[in-house]
Amino acid sequence: MEIEYKNNKLQKICTLAHVAVKEHGQEMADKIHQRIDEIEASESVEDMIRFRIGRCHALSQNRRGQYAMDLVHPYRLIFTKKEGQIQVVKIIEIDDYH
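Residues numbered from 1 in each chain as written. Predicted model: local features only at pLDDT ≥ 70, side-chain atom pairs only at ≥ 80, totals over all residues. Heavy atoms only, no water.

### Regarding unusual backbone geometry
The general pattern is negative phi for most residues beyond glycine and trans for most peptide bonds.
And then number 1: Along the chain, H73 connects to P74 via a cis peptide bond; the corresponding omega equals 10 degrees.
And then number 2: Following the sequence through the fold, P74 ends up in the loop between strand 3 (66–70) and strand 4 (76–81).
And then number 3: At R52, a residue that is not glycine, the phi angle is positive and equals roughly 60 degrees.
And then number 4: In this structure, R52 sits in the loop between helix 4 (45–50) and strand 2 (57–58).
And then number 5: For Q61, which is not a glycine, the phi torsion comes out positive at approximately 60 degrees.
And then number 6: Positionally, Q61 belongs in the loop between strand 2 and strand 3. (Helix = DSSP H or I, 4+ residues; strand = E, 2+ residues; numbered from the N terminus.)

Written out as structure tokens, the structure reads:
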């Protein structure tokens, strides 16, 4: 799949290892980049959910239409599917939404 990002800061965290390490530490940076690689290698969000890649799951309530993948507990990589395009996701945040 193709990946877009909500903003430049988030894109740098997800694509540049040294920026991710500076912002979140080594363990979290490794997990973020692992999840980005998994998204890029997947055919669709539905496949990631079906095969439990990164424990990908749909969110509900006020986050309806968003999906999450596990990072270092309790953080999640949160993204949406781009409307009208099955194979494009938009990374919107790294957050502990619990």
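From this point, the discussion proceeds with the structure in view.
### A closer look at the packing of aromatic side chains
Here a ring pair, both rings aromatic, is described through the centre-centre distance and the interplanar angle of the planes.
And then number 1: Within the structure shown, the criterion is met by one aromatic pair.
And then number 2: Judged by centre distance (5.7 Å) and plane angle (20 degrees), the rings of Y67 and F79 are stacked. Here F79 lies in strand 4 and Y67 lies in strand 3, a separation of 12 residues in the sequence.
And then number 3: Classification of F79 as buried rests on a relative accessible area of 0%. (Phe/Tyr/Trp six-rings, centres within 6.5 Å; stacked < 30°, edge-to-face > 60°. Buried < 20%, exposed > 50% of the residue type's maximum accessible area, 1.4 Å probe, protein only.)

### Here we look at the environment of A58
And then number 1: Secondary-structure assignment places A58 in strand 2.
And then number 2: Taking C-alpha positions, A58 is 15 Å from E93, a pair spaced 35 residues apart along the chain.
And then number 3: Those residues in contact with A58 that sit more than four places away from it in its chain are I49, Q66 and Y67. (Contact = heavy atoms within 4.5 Å.)

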